[in-house]
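# Chain and residue survey
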Amino acid sequence: MTESILVSVDVGFREVKARWTKQDSYCVFPSVIAPARASDFQAGLNGFNQNHIRYKGHDFFVADHALTHSPLAGQTVNRSRTRSLEYPTLFMAALAQMIPGHKVVRLITGLPNSEMKDEVQVRAALLGQHDIVYNGRKYSYEIDQVRVVPQALGILVREGFKLVPGKLDIDDHSLINEPNLFIDIGGRTVNLMYMQGVEYISELSDSQSLGMYRVLEDVRKALNQMYDLQLSLAEIDGIFKNRSQNGGYSVKIQGVHKTISKVVEPILDQVAESIKREATTLWRDTNASSLILAGGGSHHLGQKVADKIGHPRTKIVDRPEFAVAGGMYLYGIFLDQRNAWERK
Ligand SMILES: Nc1ncnc2c1ncn2[C@@H]1O[C@H](COP(=O)(O)OP(=O)(O)OP(=O)(O)O)[C@@H](O)[C@H]1O
Ligand SMILES: [Mg+2]
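Computed from a predicted structure; not experimentally measured.

### What about the packing of helix α7 (residues 212–227) against helix α8 (residues 233–241)?
The description of two helices packed together rests on the angle between their axes and the distance between the axes. Contact geometry for α7 and α8: axes closest at 9 Å, N-to-C directions at 105 degrees. Comparing their axes, α8 and α7 come out roughly perpendicular. Contact residues: α7 offers Leu216, Val219 and Arg220, while α8 offers Leu233, Ile236 and Asp237. Broken down by class, the residue content of the contact of α7 with α8 amounts to four nonpolar, no polar and two charged.

Now the structure itself:
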């Protein structure tokens, strides 16, 4: 039988993150997808490097190419995203970017805890045979197992377990056994999660539209007012991703780099204050062992949120944007060990 490959895919509102090897390497691209017109992708270099994907008889551009080449580009940000064809298409684009040819895959993915009820739809959309054409090449994937987990579990597993040759071992017993607080600062949402060991406590968890999007929107408005700059959200996001080593934010105006930290810092401070307010209201009467901050927004907001909340045991995780995808991948290894992929 063909060997099955373990893959984890985290479809965020802002970016798709995926992993398939045991090395610490990830596939990452913006979660942007738009219908492609034949004239657009045929006019290019024979469809190569355009992020053009044909799936189930439909043509799409994904990632940056969708932003620049389709008049209909939009992000998959609505609540009903899991019901759309665009949703599994983003998974196929991730697979095609990582794994060539015709392969059997066991796939692990996550949903925000509040959307776990969509698990059945997600499994139905992903299980089975998928034939795609990506940048002019044919790929086919037989997805024979799908596991959908709450995103919080991904973060917990990445922080609480470690991979020792061939298997997964507990690294931090307090995470596995005690109550802990998790904040995932994403592109669109901030997820506040209370875990009692490995158990997710929904009454003490919440999701708010407080992600980096808030910051990007406010920075865009401020730069427009102050410097008359008309930048797209993707360009503003570039400023955040390219932040210099010493933490400064800058933008190129007529070819010259201008520091804009004075504009950015108060905006970050305001959003961090809102996150802190949500957290302290939600967790007022709780007593948790530690506070763990993850999600790509932690690069910018993590330290401010941590300082404001002031929990004595706080950790901003390493490479926070990959915490969910990385942890889900490890969870897949755990399922392999236990031979626990099939539902009972
Ligand atoms: N390497 C990086 N350096 C700096 N900032 C980053 C980096 N990676 C991601 N970010 C920031 O994090 C944001 C995306 O975070 P993340 O990938 O956690 O969001 P998401 O999972 O797509 O969104 P959501 O969780 O709301 O669905 C980006 O908009 C960017 O501002
Ligand atoms: Mg996310």
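Picking up after the structure, the text goes on.
### Quick look at the site of ligand 1
Neighbouring ligand 1 are 18 residues, the closest being Gly12, Arg14, Gly186, Gly187 and Gly296. Top contributing element to the shell around ligand 1 by residue count: α8, with three residues. Looking at the shell around ligand 1 residue by residue, the classes come out as three nonpolar, nine polar and six charged.

### Re unusual backbone geometry
Its identity is not glycine, yet Lys56 carries a phi of approximately 55 degrees, on the positive side. Tracing the chain through its elements places Lys56 in the loop between β5 (52–55) and β6 (58–62). The class of Lys56 is exposed, set by 11 C-beta atoms lying within 10 Å. The residue Gln254 is not glycine, and still its phi comes out positive at about 45 degrees. Structurally, Gln254 can be placed in the loop between β17 (250–253) and β18 (256–259).

### Here we look at the nonpolar core
Grouped burial of nonpolar side chains is what soluble globular proteins tend to show. The biggest cluster of nonpolar side chains holds 88 residues, and the ones touching the most others in it are Val62, Leu90, Phe182, Ile183 and Ile275. The biggest single contributor to this core is helix α3 (residues 86–98), with eight residues. Discounting residues that sit within four places of it in the chain, Phe182 has contacts with Ala152, Ile155, Met193, Met195, Ile292 and Ala294.

Rules used throughout
- Residues numbered from 1 in each chain as written.
- Chains lettered and ligands numbered in written order.
- Predicted model: local features only at pLDDT ≥ 70, side-chain atom pairs only at ≥ 80, totals over all residues.
- Axes fitted to C-alpha atoms, helices over the stretch in contact; angles between N-to-C directions.
- Helix = DSSP H or I, 4+ residues; strand = E, 2+ residues; numbered from the N terminus.
- Parallel < 35°, antiparallel > 145°, perpendicular 65-115°, else oblique.
- Contact = placed C-beta atoms within 7 Å.
- Nonpolar A, V, L, I, M, F, W, Y, C, P; charged D, E, K, R; others polar.
- Near = placed C-beta within 6 Å.
- Buried ≥ 20, exposed ≤ 12 C-beta atoms within 10 Å, placed from the backbone.
- Core = buried A, V, L, I, M, F, W, Y, C linked by C-beta atoms within 7 Å.

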